[in-house]
Amino acid sequence: DFQVRMRAQIEAQEQIKLALRSKDESKLKGAMAAIQELGLATGDAKAVMAEMRILEENQAAASREAAKVETAKLRQVLKASTPELRSDEQYKISQLEENDDVSKLFQFALSNDKYDMGKFYRIREDADFVEFIEESKRIEAAKHKLFHQNSVIPKSLLRLQEEENETAKQLNSAILQYCGDLSHPYPSAQAQFLFLTGLEQPNLVDEVFLQLCKHVNGNPKPYSKHRGFIMMCIATRTFPPSTELAPYLLNFLINKKVNVGMIGNYAALCLNQLNGRIQIGPSSLIPDIDFIDSYNTRPPILVTFKRPGLSDVEVAISPDENIGNVIQDTLAPIGNIDETEENVWGVYVIDGPQKPDANDLKRRLINFYRKYNPEKLKYVDSYVKIWADNTEALFGTLEKKYGPEPTPEELDALEVREGAKNNLLGRLKMSVIKVHEVTKRLRMGGEAVRPPTAKTPWPLPYWVFLGDVYAAMARQKRQPILSFKRKLYAEGENIFSKENLPQLKAEVASGEINVTNEADIGLLTAITMTQANGGKFPSTSKERTRVGAVSMIPHIWKEKWNLKRPDQNIEVVEQAAQGLKGDLDKIYVDVLKGLPTTGMSFFYFNKSNYTTNEKEYWACGVDRKGLHIFDADRNGILETYGFREIKEFGAADSFFWIEVVRANKNKNILNPGQKVYLKTFQAWDMMALVYDYTHLLAGAT
């Protein structure tokens, strides 16, 4: 590698010298590309950059009139966007195939050293940028040239002609006004001005992107930084950067992508949008005020959907797209699903693991020692420095010595107790809402505990906006795991068809289909592993790792079998594999037919409104036969409410209800009356699925 790089540098030096001697435009551009790729900073390399600046300035002056003509033409082509036009454009982008040139560009951008934004050769020199600033403030202003500032920049970041320089300052003012650093009665109109300017004057697009990078870079104000990234999301959806700036912008966003929460998702979304926008060029649609306002209501997001039996798919979702729009415009076309079948498909969600951030270790240690050993709190900063790269090992040791990390309920209780210890009115130091919640958790009041959390993925209604789901989970430093799959099965339809089998296998692995018998789960896992390995059971650790054997096992069985490694051998599974022969899919289906949870979507509710016992929740499975009540372990159906027995149903914020009509008037398990109430935070989701099933079955009859 060293020899290859040395040869490349020698060749580049020859190329640079030739370009400097000839001053030829094509040779200068070729030398400039070599300088960027190798990250050269020699005297000759800087001379080439200087020549390129002169060349571009001369070209800009000569082409000013041509640019005005081009702007006039663009104004005739541009049109106001509508939801339908935006949908058509996004569909066009979703159908793009992978482009080798764009893929190489993204690979180049991964180099932190070469494509740091500050190294972009078209950026003004510090002395030029601060020319009109008071002399005593110039050094500080130069340091912040590419970092957030509250006031309008003195000059454009790029070397532009005077007229364009004034426009650049107006663009900067628009950014500050939209982001709240400066006041303006109509901030969305300022954002629209920026996007319209970028569409009408392509020579200012790089200036727009650089200013947005500057605004979010080192911005200490969360709201302002959030709004800056919102503008970046709309900008990357609207126009691409120049070929010269592209690797620098991509590098900037790649580095921001590692951030926890919405900022990381914004950066990932921008990268995804640029992948398509670089291929097809700028949009012909002007972002309208309503569209921009929708970004103020909820965030745009980049979502990865899991698809059983198929590869995952990434989808960029704007704030005005609900799940129904996403299925109709993107997921169904990608999956070649006919329009008449779209209604039986759905988006399922489950909480992903919590993501750590830079302060996570310190916060976890503080909470841990608050519970177990407050005397150790003074050493937390030292522990953070020592254990920063080995967090889980640290907590493994601590948990062996003291016990598990405190739960949110325990932390809330600590707040009350610590407050009371320091002040008899400790509880009054907390907000009224906070005290109310803590009191409920401590059983100080007579109100019900909160409904249980979901244990398995559940379907979201078509009217839900995924931006709202992401924002809610981002506040908990979690990212939802989403899947796109069959939601409804019609009466008489074969659930166990070849087309449905990949989904059923995925539901066994996720635990949605509950397998309680060890021999059954051993057999099902052996079949899945064998089929994933081309018909031969993966008997070696290498084979098990390659096929992802552990991912095929439900979490509850991973715990029972004490699985720690991805290549670990499981005796029960290996024994089941030894007797495998015949039609494996048929064997698999025969096992599924004996499992009551097959084909159901599950929701979870409090068995009793006045219990904190973890086991005191029950599950409700919904399928084409009706609603089925299970205990917490979902071992068997305790009660069924067929759809033909349900007279009415509805939902409120914390409970779902049905009114049951039965000829024998027998006493049901949950409630002796005609109405059944299920206390659940999934009430509206549950109602939507029941609604969908009743209408599907009504249509069939």
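Predicted model only: the values in this text are computed from it and were never measured.

Chemist: Any chance you could explain the pattern of salt bridges here in plain terms?
Modeler: Note that side chains of opposite charge can pair when their charged atoms are close. Counted according to the given criterion, the structure contains 23 salt bridges. Residue Lys-23 is joined to Glu-51 by a salt bridge in which the shortest nitrogen-to-oxygen separation is 3.5 Å. With Lys-23 in the loop between α1 (2-22) and α2 (25-38) and Glu-51 in helix α3 (residues 43-62), the pair connects residues that are 28 residues apart, well separated along the chain. Its relative accessible area of 21% is what places Glu-51 among the partly exposed residues. With a shortest N-O distance of 2.9 Å, Lys-487 and Asp-692 are connected by a salt bridge. Placement of Lys-487 in the loop between β7 (481-486) and α23 (501-510) and of Asp-692 in helix α29 (residues 683-700) is noted, with a sequence separation of 205 residues between them. The residues Lys-487 and Asp-692 share a single accessibility class, namely buried.

Chemist: What exactly am I supposed to notice about the nonpolar core here?
Modeler: Nonpolar side chains in soluble globular proteins tend to be buried together. In terms of nonpolar packing, the biggest core is built from 172 residues, with Phe-305, Leu-466 and Leu-627 touching the most fellow members. Setting aside its immediate chain neighbours within four residues, Leu-466 contacts Ile-301, Val-303, Phe-305, Ile-317, Ile-323, Leu-460 and Leu-482. Counting 8 residues, the second largest nonpolar core, distinct from the first, contains Tyr-369, Val-380, Phe-395 and Leu-398.

Chemist: Any chance you could explain unusual backbone geometry here in plain terms?
Modeler: Comment: phi is negative for the bulk of residues other than glycine, and the bulk of peptide bonds are trans. You will see that Lys-23, though not glycine, has its phi angle at about 60°, which is positive. Owing to a relative accessible area of 45%, Lys-23 belongs among the partly exposed residues under this scheme. For Asn-336, which is not glycine, the phi torsion reads 55° and is therefore positive. Here Asn-336 shows up in the loop between α16 (323-334) and β5 (345-350).

Chemist: How do you make sense of empty space enclosed by the protein when you look at a structure like this?
Modeler: Where empty space is left in the structure can be found by rolling a water-sized probe over the atoms. Considering all chains together, one arrives at 4 cavities of 30 Å³ or more under this definition. Estimates place the volume of the largest cavity at around 70 Å³. Lining of the largest cavity is provided by Ser-81, Arg-86, Glu-89, Arg-237, Thr-238, Arg-277, Ser-283, Leu-285, Pro-287 and Phe-291. Elements supplying a minimum of two residues to the lining of the largest cavity: α5 (83-94) and α12 (222-238). Its residues assigned to classes, the lining of the largest cavity comprises 3 nonpolar, 3 polar and 4 charged. If you add up the space inside the second largest cavity, you get close to 50 Å³. Residue lining of the second largest cavity: His-148, Gln-149, Ile-153, Asn-172, Ile-175, Leu-176, Gln-211, Lys-214 and His-215, and that is the complete set. Going through the elements one at a time, α9 (162-178) and α11 (205-216) are the ones with two or more residues in the lining of the second largest cavity. Considered class by class, the residues forming the lining of the second largest cavity number 3 nonpolar, 5 polar and 1 charged.

Rules used in this analysis
- Residues numbered from 1 in each chain as written.
- Predicted model: local features only at pLDDT ≥ 70, side-chain atom pairs only at ≥ 80, totals over all residues.
- Heavy atoms only, no water.
- Salt bridge = Lys/Arg side-chain N within 4 Å of Asp/Glu carboxyl O.
- Helix = DSSP H or I, 4+ residues; strand = E, 2+ residues; numbered from the N terminus.
- Buried < 20%, exposed > 50% of the residue type's maximum accessible area, 1.4 Å probe, protein only.
- Core = buried A, V, L, I, M, F, W, Y, C linked by side-chain atoms within 4.5 Å.
- Contact = heavy atoms within 4.5 Å.
- 1 Å grid on protein atoms, 1.4 Å probe; cavity = no way out; pocket = protein on both sides within 12 Å on 5 of 7 lines; lining within 4 Å.
- Points joined across faces, edges and corners; volume = space filled by probe spheres on them.
- Nonpolar A, V, L, I, M, F, W, Y, C, P; charged D, E, K, R; others polar.

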